[in-house]
Amino acid sequence: MANTTIIDGKAKAAELSESITAATTALVEKRGVKPGLSVVIVGEDPASQVYVRNKKRTAEACGFNSVQHTLAADSSQEQVLALIQQLNADPTVHGILVQLPLPAQLNEQEITQSILPDKDVDGFHFQNIGMLTAGHIDGAFVPCTPAGCMLMIEDQLGKDLSGLNAVIIGRSNIVGKPMASLLLKANATVTICHSRTKDLPSVARNADILVAAVGRPQMVKGDWIKPGAIVIDVGINRIQVDVDGEIKNRLVGDVDFEEAVKVAGAITPVPGGVGPMTIALLMLNTLRSAERSAS
Ligand code: GUN
């Protein structure tokens with residue numbers, strides 16, 4: 001396809017952050033409430049540290065109070081739960097995020113479910129998942145990655161996706177399942193694929209909207225894509241490539257971009273597509289939480 005749109009997630013996220021900053025200034029001036037985001041990280045996973053640093057930087061740029069709590073890798077379940085109880089009770093904290101994955105000795109589900117639903121800006125609490133699944137999107141915190149993907153899809157296709165086939169590759173609780181709820185709410189016909197799906201390429205070829213969220217570098221090939229489809233690449237994979245005899249690290253998505261860009265109508269790049277939007281949506285969720293607490 002000659003006129004493929006490369007969706008600029010970075011630019012859209014910057015626009016969103018600007019409007020969040022303006023709304024934050026108004027909230028501080030009119031109500032004396034400054035949005036507070038607490039990010040909890042356990043251990044020293046290098047990728048998680050990069051994500052957490054980016055979240056803190058963006059939160060500060062938006063005018064939020066941003067506090068990072070770094071716990072030792074060998075922290076006990078009780079220590080993590082005690083910190084969350086303290087943040088739950090703190091009225092200056094509007095959003096709590098526990099960076100995943102957690103070290104193996106910790107019970108991830110018990111920890112994510114211990115966050116007050118009203119401060120669960122990740123949208124992982126069963127109450128928020130239930131609201132989203134039931135179609136009560138306005139009352140729920142929607143997980144940031146699918147919410148960001150949805151805004152980019154709306155930009156291309158509008159809010160009503162009636163008659164369009166959406167195919168999601170990946171059935172995670174963080175992306176695949178909430179993405180399906182959002183697309184369904186927008187009237188798309190939704191298929192969720194996973195590792196046990198038979199003939200994945202032919203299912204993918206039916207998609208007007210293809211969302212790849214599996215964590216396998218460059219798995220989705222050009223001939224999996226319906227000409228003109230919108231392709232949302234959620235993957236962030238680090239691979240090593242040989243550049244003129246030199247081994248270099250490269251960030252790639254779950255989609256083979258070079259192939260896909262020739263077929264798709266619109267596509268998100270990696271980096272610069274979904275990633276910045278995820279962070280912007282975290283800020284939006286935190287602002288909403290602060291606004292709710294002030295009303
Ligand atoms: N790890 C990878 N993605 C996410 C996310 O969206 N939220 C949290 N808390 N951890 C993550």
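S.K.: Please clarify how the site of the ligand should be interpreted in this entry.
M.R.: Taken together, the neighbourhood of the ligand is formed by Leu97, Val98, Gln99, Leu100, Asp122 and Phe124. In this structure, a nitrogen atom belonging to the ligand sits 2.9 Å away from a main-chain N or O atom of Leu100. Asp122 places a side-chain nitrogen or oxygen 2.6 Å from a nitrogen atom of the ligand.

S.K.: Hey, could you run me through the pairing of strand β2 (residues 36–42) in this one?
M.R.: A regular strand places its side chains on the two faces of the sheet in alternate fashion. The element β2 is largely enclosed, with a buried count of 7 among its 7 residues. As defined by bridge partners, β2 adjoins strand β3 (residues 65–71) across 7 bridges and the pair is classed as parallel. Bridge pairing in β3 places Ile41 opposite Thr70. In this view, the connection linking β2 to its parallel neighbour β3 by way of helix α2 (residues 46–61) has right-handed handedness. Bridge count between β2 and strand β4 (residues 95–98): 4 bridges; the pairing is parallel. In the strand pairing of β4, Val40 is matched with Val98.

S.K.: For this particular structure, what's the right way to read the packing of α2 against helix α10 (residues 274–294)?
M.R.: Each packed pair of helices is defined by two parameters, the angle between the axes and the distance between the axes. Put simply, α2 and α10 touch, their axes get as near as 10 Å, and they point 50 degrees apart. Between α2 and α10, the interaxial angle falls into the category oblique. Between α2 and α10 the crossing geometry is right-handed. Note on element contacts: α10 touches α2 through Ile279, Leu282 and Met283, opposite Asn54, Lys55, Thr58 and Ala59. Considered class by class, the residues forming the contact of α2 with α10 number 4 nonpolar, 2 polar and 1 charged.

S.K.: So what exactly am I meant to see when it comes to the state of the cysteines here?
M.R.: Note: disulfide means a covalent bond formed between the sulfur atoms of two cysteine side chains. Tallying each qualifying case throughout the model produces 0 disulfides. For Cys193, which is in no disulfide, the shortest distance to another cysteine sulfur is to Cys149 and amounts to 16 Å.

S.K.: What is the right way to look at the sheet that holds β3 in this model?
M.R.: Paired through backbone hydrogen bonds, the strands of a sheet run either parallel or antiparallel to each other. With respect to topology, 3 strands assemble into an open sheet ordered β3-β2-β4, the strand pairing being parallel. Unpaired on one side and paired on the other, β3 and β4 mark the two borders of the sheet. Ignoring strand direction, the axes of neighbouring strands in this sheet form an average angle of 15 degrees.

S.K.: Looking at this structure, I do not really get the side chain of Thr268. What am I missing?
M.R.: Position of Thr268 among the secondary structure elements: in the loop between β11 (266–267) and α10. Residue classification places Thr268 among the buried positions, given a relative accessible area of 0%. Side-chain polar atoms of Thr268 contact the backbone nitrogen of Asp233, separated by 2.8 Å. When sequence neighbours within four positions are dropped, the list of residues in contact with Thr268 reads Ile7, Met152, Val231, Ile232, Asp233, Phe257, Gly273 and Val274.

S.K.: What exactly am I supposed to notice about the pairing of strand β10 (residues 246–252) here?
M.R.: Looking at chain direction, strand β9 (residues 237–243) and β10 are connected through 7 bridges and run antiparallel. Residue pairing in the sheet places Asp242 in a bridge with Ile247 of β10. Counted between consecutive antiparallel strands, the loop separating β9 from β10 contains 2 residues, among which Asp244 sits at a positive phi close to 50 degrees.

S.K.: Please explain the pattern of salt bridges as it appears in this structure.
M.R.: Side chains carrying opposite charge are able to pair once their charged atoms draw close together. Under the counting rule described, the total for this entry stands at 5 salt bridges. Salt-bridge contacts for Asp155 lead to Lys12; the nearest nitrogen and oxygen are separated by 3.1 Å. Remark: Lys12 occurs in helix α1 (residues 9–31) and Asp155 occurs in helix α6 (residues 144–157); sequence separation between them is 143 residues. With relative accessibility at 18%, the residue Lys12 sits in the buried group.

S.K.: Can you help me understand helix α3 (residues 77–89) in this one?
M.R.: Residues spaced three or four apart along an α-helix face the same direction, because each turn holds 3.6 residues. Relative to the 18 Å expected for 13 residues at 1.5 Å per residue, α3 spans 18 Å between its end C-alpha atoms, a close match to the ideal helical length. Where α3 is concerned, the buried positions are Gln77, Val80, Leu81, Leu83, Ile84, Leu87 and Asn88. Along the axis of α3, the buried residues cluster in a sector spanning 160 degrees; they form a single face. Opposite the packed face of α3, turned more than 90 degrees from it, sit the exposed residues Glu78, Gln86 and Ala89.

The rules we used
Residues numbered from 1 in each chain as written. Predicted model: local features only at pLDDT ≥ 70, side-chain atom pairs only at ≥ 80, totals over all residues. Heavy atoms only, no water. Near = heavy atom within 4 Å. Polar contact = N/O pair within 3.5 Å; in protein donor to acceptor, adjacent residues only side chain to side chain. Buried < 20%, exposed > 50% of the residue type's maximum accessible area, 1.4 Å probe, protein only. Helix = DSSP H or I, 4+ residues; strand = E, 2+ residues; numbered from the N terminus. Pairing = 2+ DSSP bridges. Right-handed = clockwise from strand over helix to strand, strands pointing away. Axes fitted to C-alpha atoms, helices over the stretch in contact; angles between N-to-C directions. Parallel < 35°, antiparallel > 145°, perpendicular 65-115°, else oblique. Left-handed = near helix turned anticlockwise from the far one by under 90°. Contact = heavy atoms within 4.5 Å. Nonpolar A, V, L, I, M, F, W, Y, C, P; charged D, E, K, R; others polar. Disulfide = S-S within 2.5 Å. Salt bridge = Lys/Arg side-chain N within 4 Å of Asp/Glu carboxyl O. Expected span 1.5 Å × (residues − 1). Arc of directions from axis to C-beta.

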